[in-house]
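Coordinate analysis (summary)
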Amino acid sequence: MNNSYDVIVVGGGHNGLVSACYLAEEGKKVLVLEAADKIGGMSASGYLIPEAPEHMIHSCALDLMSLRVHPMVPEELQLARHGFEQVEIKPGYVYCHPNGDTLVFGRTPEATANEIARFSSKDASEFIELMKLVNVFLDMAIPIMRSDPAQFIFSAKIKALTALLKNIKLKSHVMDLIQSPAYTSIMERFEHPVTQSALCSLLGAAGPIANEGTGVFFALLGFIHRFGIGRAVGGIQTFPNALEARLKELNGEVRISSVVTEIVAEQGQISGVVLEDGTHLCAKVVIAAIHPKTAFELVTPGAFDRKVMTRVALAPANAHGAAPMKIDMALNSQISYAKLEAKRGDGLCLRSAVILVGTADAVLDNFKCAAAGTVSNKPYFWATAPTAADPSQAPTGEDVVYIYPIAMPVEPSDGWDAIRADTAQQIIDFTAVYMEGLKDYEIARRVEASPDLAERLKVYRGCVVHIDTGITRSGMMRPAAGLGGNKLPVDGFFLGGAGIHPGGGVNGLPGRITAARVKRFLK
């Protein structure tokens, strides 16, 4: 077996595979090493519940919002030829209030405003005004998100500047919005509890909305309106599988069950990696498409000074104390939303939607309790039945349910082993209020909290976006000062995962940006 490569990628998640494909297109000899027994990382799906071997489980990511915002990777890498296909979910996100009212986030600001008008005409008008600011922000932000912050990309700068100049009278209002707490902006604008709670439940998925600078989370509204929510036909595993097929077509190589124990640096230069079995693989470049903290700790001790190692170690990862929990359920029949649909009275079927549950107060309380090491007794979660949109993911007439409590404690006072089962049951009980049949039809469940996600996915503190999302951890500041640019202190060492710009989400942009950096380095 040949042990010498131009580029070795550590981590076979979608970003690592994306980098590998772009570099293989350039004729580079590329190897991807994945520690697990399958590729995909956080973009993986499979049959993970032994009692329900025909029910497909999405073990982390499910929806494809950010890939619809930034669709370049599947287009440029021709992934449709390799089996990757996505469909839009309609309706996408639907807020469910405890009183049985529902609010659909539509595909245009006007559609969402019409939903809001069912509760408050004033709120509907305020929403249209809010979206004017959000859309200006998106027109400025999207070109920058798609670009390497270390490069002067003239076209991106021009697009952002043009958007600003066209709306110069709104500049101060846009800046006020994105720099303020999202919660403050919601509560000062909207009067009806359904409107307030719907927006809090949506934006809270990005982090604690009472914190400064969380106004950037309003971008989620713009993404929904402009691009919608997608799902991969056949499960999200088809995305990394298509990337692997494209890589092999380009003569790249993938090895699974290959644990890297050292990224070797000698005299300030990368020389390769060492595997768990002692095998030494040589390479001019190593891309670490894994959590930045793990990546830096794998590099030969002493290669980085104390200052660099400290910056990486202290980069915020669920620093607010909250992390998602994940509950998957296999069912022997299909859930319904008959009561919610009946109250709406407009004939809209909600089965394929993602439901968002939580009052404005519950969203705040969940983050507050998580920071204190406890579990709130107020429900705040997202849930969906992936099989409603793609029945092939379970036996005929049966369902899989995906439940995502947003803000559970990273480090509960009593430890997760003591509370995992009871907490999962509490969340299922909450969900069953809205999903009719959920508990009656259960075959089996799969539960993961932050330490389980941390162990399985090798992400520090179970942070699925690697480094917390925020305006102070974007661009050249992601993952930390001095580490978000073209060059790291060891030549030939590159980060390539969600811990660099533009951050988390299934879109492949970090991998695409890293591949371009490596191309420039190897010239």
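Owing to the predicted nature of the structure, the values given are computational and were not obtained by experimental measurement.

Cut-offs applied
Residues numbered from 1 in each chain as written. Predicted model: local features only at pLDDT ≥ 70, side-chain atom pairs only at ≥ 80, totals over all residues. Heavy atoms only, no water. Pairing = 2+ DSSP bridges. Helix = DSSP H or I, 4+ residues; strand = E, 2+ residues; numbered from the N terminus. Axes fitted to C-alpha atoms, helices over the stretch in contact; angles between N-to-C directions. Contact = heavy atoms within 4.5 Å. Phe/Tyr/Trp six-rings, centres within 6.5 Å; stacked < 30°, edge-to-face > 60°. Buried < 20%, exposed > 50% of the residue type's maximum accessible area, 1.4 Å probe, protein only. Arc of directions from axis to C-beta. Patch = residues over 30% accessible without salt bridge, like charges linked within 9 Å, V, L, I, M, F, W, Y side chains within 5 Å. Areas by Shrake-Rupley, 256 points an atom, 1.4 Å probe, with all protein chains shown as cover. Salt bridge = Lys/Arg side-chain N within 4 Å of Asp/Glu carboxyl O. Right-handed = clockwise from strand over helix to strand, strands pointing away. Core = buried A, V, L, I, M, F, W, Y, C linked by side-chain atoms within 4.5 Å.

1. With respect to the sheet that holds strand β15 (residues 354-357)
Spatially, β7-β6-β15-β16-β17-β14-β19 is the arrangement adopted by the 7 strands of the open sheet, whose pairing is mixed. The open sheet terminates on both sides in strands that have one partner only, identified here as β7 (102-104) and β19 (442-448). Strand-to-strand twist of the sheet, defined as the mean angle between neighbouring strand axes without regard to direction, takes the value 20°. Where strand β16 (residues 381-384) meets strand β17 (residues 399-405), 4 bridges bridge the pair, whose relative direction is antiparallel. Bridging from a neighbouring strand, W382 pairs with Y404 of β17. Across the sheet, helix α9 (residues 193-203) touches β6 (93-96), β7, β15 and β16, and the angle it forms with β6 is around 130°.

2. Notes on the packing of aromatic side chains
Taken as a whole and judged by the stated rule, the model has 9 aromatic pairs. Plain terms: the ring middles of F84 and F239 are 5.1 Å apart, the flat faces sit at 45° to each other, and that makes the pair tilted. On the criterion of sequence distance, the pair formed by F84 in the loop between α3 (72-76) and β5 (86-89) and F239 in helix α11 (residues 238-249) is long-range, its members being 155 residues apart. With a relative accessible area of 0%, F239 lands in the buried category. Ring centres of Y402 and Y404 lie 6.2 Å apart, and the angle between their planes is 25°; on these two criteria the pair is classed as stacked. Taking the relative accessible area as the measure of exposure, Y404 reaches 22% and is therefore partly exposed.

3. Details of the environment of G278
Within the element layout of this structure, G278 appears in the loop between β11 (269-275) and β12 (280-288). A residue is classified by how much of its surface remains accessible, and G278, at 52% relative accessible area, is exposed. A sequence separation of 93 residues divides G278 from A371, and the C-alpha atoms of the two residues are 42 Å apart.

4. Details of the environment of G228
Tracing the sequence through the fold places G228 in the loop between α10 (219-227) and β8 (229-232). Look past the residues within four positions of G228 in its chain and what remains in contact with it is M65, R68, E88, R107 and F223.

5. A look at helix α4 (residues 109-117)
For α4, the complete set of buried residues consists of P109, T112, A113, E115 and I116. Buried residues of α4, seen end-on, are gathered within an arc of 155° and therefore sit on one face of the element. The elements touched by buried residues of α4 are β7, α5 (121-145), α9, α10 and α14 (338-344).

6. Topic: a nonpolar patch on the surface
Judged by side-chain polarity, F152, F154 and I158 come together as a nonpolar surface patch covering roughly 350 Å² of accessible area. Secondary-structure assignment places F154 in helix α6 (residues 154-166). A relative accessible area of 55% places F154 in the exposed class.

7. Quick look at the pairing of strand β1 (residues 4-10)
Most of β1 is tucked away, with 6 of its 7 residues classed as buried. Pairing of β1 with β12 involves 6 bridges; the strand directions are parallel. Within the sheet, the bridge partner assigned to Y5 lies in β12 and is A283. With 4 bridges joining them, β1 and strand β2 (residues 30-33) adopt parallel strand pairing. If you follow V9 over to β2, its bridge partner there is V32. Handedness of the crossover is the feature at issue here: the chain leaves β1, passes through helix α1 (residues 14-25), returns alongside β2, and the resulting connection is right-handed.

8. As for the nonpolar core
Y93, F105, F127, L202, F218 and L221 are the most contacted members of the largest nonpolar core, which has 54 residues in total. It is α5 that provides the largest number of residues to this core, a total of 11 residues. Those residues in contact with F127 that lie beyond four places of it in its chain are P109, T112, A113, I116, F190, L199, L221 and H225. If you look at the next biggest cluster of nonpolar residues, it comprises 34 residues, including L23, L250, V285 and I287.

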